[in-house]
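The lines below spell out each chain.
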Amino acid sequence: MSEPLPIGFSPCPNDTWMFDALVRVPEFVPGLRPLPWLADIEALNERTLAGEAPLPVTKLSAHGLFWVERDYLVLRTGAALGRGCGPLVVAREATELAALAGRRIAIPGAYTTAHLLLRCFAPASVSVVPMRFDRIMPAVAAGEVDAGLVIHEARFVFRDHGLQQVADLGEVWEAATGLPLPLGVIAAHRSLPAGQLRAVEEGSPARSRRRRTTLPRRGRS
């Protein structure tokens, strides 16, 4: 019997949909025994960057991939791309991105694509406060920080917390570059045997269900 293959992904809806059949259905890919390792996207980024007990296959932020490209390669399926959407900057009151100069902004992790976008487009003087993604909206609403950078489903429910949109960094990116926003990827360690690498790719939803795994206009990571 083959050894279990640890696969890291986050519990956000798009990841759980992508990996559902692969990790839940016995012998979905003959000879492959996926072992799910669920964690927040920044926890996956940090574990990969630490280089200790690396996950053979893992979801990574596009920004996180930059730091580990010597050890990891991107799979041909499973990437998350956004058009007309992306991480949102939110605050208690309506304002502009430029007005946040010198303010404290909660971010979902230093190696997230969201943080890289903030550094590209927000005033250089903003002070970032890393916290887990699901803590950001309550922290902004409580006044612990001046603004927050939200990802995943938070972009659809931030108004329920009494917050206002300051900027959609996906739209800012697209206006500046004309390109879709690379949000996240599925990466494999370069030491993974070629046979297992092919098995993971062939077992992805993009191939097995003949569906694209890029995100629709409402993107997430």
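The model shown is predicted, which means the values in this text are computed figures rather than measured ones.

A. Spotlight on the overall build of the protein. For the protein, the helix and strand inventory stands at nine helices and eleven strands. Computed over its C-alpha atoms, the radius of gyration of the protein comes to 18 Å, within 12% of the 17 Å expected for a compact globule of 221 residues. Projected onto the principal axes, the alpha-carbon positions of the protein cover approximately 60 × 35 × 30 Å. Burial statistics for the protein: of 221 residues in total, 48% are counted as buried. Summing over all exposed atoms, the protein offers an accessible surface of approximately 10700 Å²; the carbon and sulfur share of this is 53%. Across the protein, the 25 positively charged side chains and the 22 negatively charged ones have centroids separated by 5 Å.

B. Inspection of the pairing of strand β3 (residues 57-61) at higher detail. Burial within β3 is extensive, with five of its five residues counted as buried. Of the two faces of β3, both are covered, the one formed by Val57, Lys59 and Ser61 as well as the one formed by Thr58 and Leu60. As defined by bridge partners, strand β1 (residues 4-9) adjoins β3 across two bridges and the pair is classed as parallel. The residue bridging Ile7 from the neighbouring strand is Val57, located in β3. Summarising the sheet, β3 and strand β11 (residues 181-189) pair through five bridges and their orientation is antiparallel. Paired with Ser61 across the strands is Gly184, a residue of β11.

C. Layout of the packing of helix α4 (residues 113-121) against helix α7 (residues 169-177). At a closest axis distance of 10 Å, the pairing of α4 and α7 adopts a crossing angle of 55°. On the basis of their axis angle, the class for α4 and α7 is oblique. Every pair of crossing elements has a handedness; the one defined by α4 and α7 is left-handed. Where α4 approaches α7, its residues Ala114, Leu117, Leu118 and Phe121 are matched on the opposing element by Leu169, Val172, Trp173 and Ala176.

D. Region of the structure containing the packing of aromatic side chains. Considering all chains together, one arrives at three aromatic pairs under this definition. Ring centres of Phe9 and Phe19 lie 4.5 Å apart, and the angle between their planes is 10°; this geometry places the pair in the stacked category. In this pair, Phe9 sits in strand β1 while Phe19 sits in helix α1 (residues 13-24), placing the two residues ten residues apart along the sequence. Residue classification places Phe9 among the buried positions, given a relative accessible area of 4%.

Rules and cut-offs
Residues numbered from 1 in each chain as written. Predicted model: local features only at pLDDT ≥ 70, side-chain atom pairs only at ≥ 80, totals over all residues. Heavy atoms only, no water. Helix = DSSP H or I, 4+ residues; strand = E, 2+ residues; numbered from the N terminus. Rg over C-alpha atoms; globule rule 2.2 N^0.38 Å. Buried < 20%, exposed > 50% of the residue type's maximum accessible area, 1.4 Å probe, protein only. Areas by Shrake-Rupley, 256 points an atom, 1.4 Å probe, with all protein chains shown as cover. Lys, Arg positive; Asp, Glu negative; His and termini not counted. Charge placed at Lys NZ, Arg CZ, Asp CG, Glu CD. Pairing = 2+ DSSP bridges. Axes fitted to C-alpha atoms, helices over the stretch in contact; angles between N-to-C directions. Parallel < 35°, antiparallel > 145°, perpendicular 65-115°, else oblique. Left-handed = near helix turned anticlockwise from the far one by under 90°. Contact = heavy atoms within 4.5 Å. Phe/Tyr/Trp six-rings, centres within 6.5 Å; stacked < 30°, edge-to-face > 60°.

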